[in-house]
Amino acid sequence: MSSHRLNADLHCHSAVSDGTLQPEALAARAKSNGVELWALTDHDEVGGQQRAMDAALALGLPYLTGTEISVTFAGTTVHIVGLGFDIHDAALQAGLAATRGGRRARALAMSDALAQAGIANAYEGALRYVGNPDLISRTHFARHLVDSGVCADTQEVFRRFLVSGKPGYVPHRWASLRDAVHWICDAGGMAVIAHPGRYKFTANEEFALFSEFKAHGGRGVEVITGSHGLADFEKYADTALEFGLFASRGADFHSPEESRTDLGALPTLPAVLTPVWEPLDERVMRP
Ligand code: AMP
Ligand code: MN
Ligand code: MN
Ligand code: MN
């Protein structure tokens, strides 16, 4: 089987960030869905990596280490996935800790903003859904507002409250693109632009993102992701070729109840692209 057809799923979240399943349950789900190479990519955090790796290897599932770093670029939040790095790298761990650092203050400010909009005690509500106190995210607020009956589903919460211009949105400064790419590369991994189809960039801003990302040492882009439609698959396959980037694939699975795309349930990569797992082959942990 040629490598582009591998059922690799290199983007998902556990309860160590804003997913609902524990790393062991995700490993089992990936295995039973037919995933052949897996990475857990919790936001700004590597606390679940050892558990994910141990569980995957025990199931006979090859594993790459992963994370998804929050970055501010051109005034927008961009996500950079890191794959195949050393989870014990001190500079990477310090960088992730600094990136996580502002989340509590931001969550309190979000709660104040939601109170102004008539929704009281959202911080306390969101906290009940948090698996890792260092990693309170908008997703936890969304789960609270759904379960307390304010909205029908998490999509509606984001649309009405949690995105730029809406009452519960609080702007936040995350890591720089340069730092995030360097932390990953210096720890021996590959930096990958996550779900580029989600950002509302102009063509010039998008060109700047890809150009600067490459200049800093970034080498990959997600082409096949649960966040992309068919038009995005084609557009970012072209972008990968244009910028000479390796292509990645991952569902961005968060929860059986919320996620549209399950682990491993994505189209394969287009044959014209070179998968990220080719240059990362020696970083794959095998049973
Ligand atoms: P945060 O890191 O706290 O800003 O939260 C970002 C997370 O919110 C993303 O990783 C997604 O899991 C989730 N998210 C962002 N936009 C949406 C949306 N429109 N619908 C559902 N979840 C979303
Ligand atoms: Mn998330
Ligand atoms: Mn993301
Ligand atoms: Mn993600």
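Just so it is clear, the structure is predicted and the values come from calculations on it, not from any experiment.

Peer 1: Looking at this model, I keep getting lost on the overall build of the protein. Mind explaining?
Peer 2: Counting secondary structure elements, the protein contains 10 helices and seven strands. Taking 2.2 N^0.38 as the reference for a compact globule, 287 residues should give roughly 19 Å; the C-alpha atoms of the protein span a radius of gyration of 18 Å, in line with that estimate. Each principal axis of the C-alpha distribution contributes one length, and for the protein these read about 55 × 45 × 40 Å. For the protein, buried positions account for 55% of its 287 residues. Contacts spanning at least 24 positions in sequence make up 72% of the contacts within the protein whose residues lie at least 6 apart. Entry remark: accessible area of the protein is about 11,800 Å², with carbon and sulfur atoms responsible for 50%. The positive charge centre, built from 25 side chains, and the negative charge centre, built from 34, are 3 Å apart in the protein.

Peer 1: How should I be thinking about the coordination of the manganese ion (ligand 4) in this particular structure?
Peer 2: Ideal geometry at a metal gives 109.5 degrees between four tetrahedral donors and either 90 or 180 degrees between six octahedral ones. Taken together, the protein ligands of the manganese ion (ligand 4) are H11 (NE2), H13 (NE2), E68 (OE) and D252 (OD), with distances of 2.1 to 2.3 Å. The motif formed by the donor residues of the manganese ion (ligand 4), counted along the single chain, is H-x1-H-x54-E-x183-D. Between the manganese ion (ligand 4) and the manganese ion (ligand 2) the interatomic distance comes to 4.5 Å. Of the two residues, H11 is situated in the loop between β1 (8-9) and α1 (23-32) and D252 in the segment after β7 (246-250); the sequence distance between them amounts to 241 residues. Comparing H11 with D252, the two get one shared label, buried.

Peer 1: Explain the coordination of the manganese ion (ligand 3) to me, please; I cannot follow it from the model alone.
Peer 2: Taken together, the protein ligands of the manganese ion (ligand 3) are E68 (OE), H79 (ND1) and H195 (NE2), with distances of 2.1 to 2.2 Å. Going along the chain, you hit the donors of the manganese ion (ligand 3) in the pattern E-x10-H-x115-H. Here the manganese ion (ligand 3) and the manganese ion (ligand 2) are spaced 5.6 Å apart. A residue pair is termed long-range when its members are at least 10 positions apart, and E68 in strand β3 (residues 66-73) and H195 in the loop between β5 (190-193) and α9 (203-216) qualify at 127 residues. The buried category is assigned to E68, whose relative accessible area is 0%. Judged by relative accessible area, H195 falls into the buried class, the value being 1%.

Peer 1: Explain the site of ligand 1 here, please?
Peer 2: Close contacts around ligand 1 come from D18, H43, H79, R103, R106, S137, R138, T139, Q155, F158, R198 and H254, and that covers them all. Between ligand 1 and H43, the relevant distance is 2.8 Å, taken from an oxygen atom to a side-chain nitrogen or oxygen of the residue. Within the contact set of ligand 1, an oxygen atom lies 2.8 Å away from a backbone nitrogen or oxygen of R138. Against a free-state accessible area of 500 Å², the protein chains account for coverage of 83% of ligand 1. Every element with two or more residues in the shell around ligand 1 is listed here: α4 (103-116), α6 (138-147) and α7 (154-162). Residue composition of the shell around ligand 1, by class: one nonpolar, six polar and five charged.

Peer 1: What am I meant to see in unusual backbone geometry here?
Peer 2: Peptide bonds are trans in most cases, and residues, glycine excluded, mostly fall at negative phi. One non-glycine residue, D44, lies in positive phi territory at about 50°. Unusually for a residue other than glycine, H195 sits at a positive phi of about 25°.

What counts and what doesn't
- Residues numbered from 1 in each chain as written.
- Chains lettered and ligands numbered in written order.
- Predicted model: local features only at pLDDT ≥ 70, side-chain atom pairs only at ≥ 80, totals over all residues.
- Heavy atoms only, no water.
- Helix = DSSP H or I, 4+ residues; strand = E, 2+ residues; numbered from the N terminus.
- Rg over C-alpha atoms; globule rule 2.2 N^0.38 Å.
- Buried < 20%, exposed > 50% of the residue type's maximum accessible area, 1.4 Å probe, protein only.
- Contact = heavy atoms within 4.5 Å.
- Areas by Shrake-Rupley, 256 points an atom, 1.4 Å probe, with all protein chains shown as cover.
- Lys, Arg positive; Asp, Glu negative; His and termini not counted.
- Charge placed at Lys NZ, Arg CZ, Asp CG, Glu CD.
- Donors = N, O, S within 2.8 Å, 3.2 Å for Na, K, Ca; no water.
- Near = heavy atom within 4 Å.
- Polar contact = N/O pair within 3.5 Å; in protein donor to acceptor, adjacent residues only side chain to side chain.
- Nonpolar A, V, L, I, M, F, W, Y, C, P; charged D, E, K, R; others polar.

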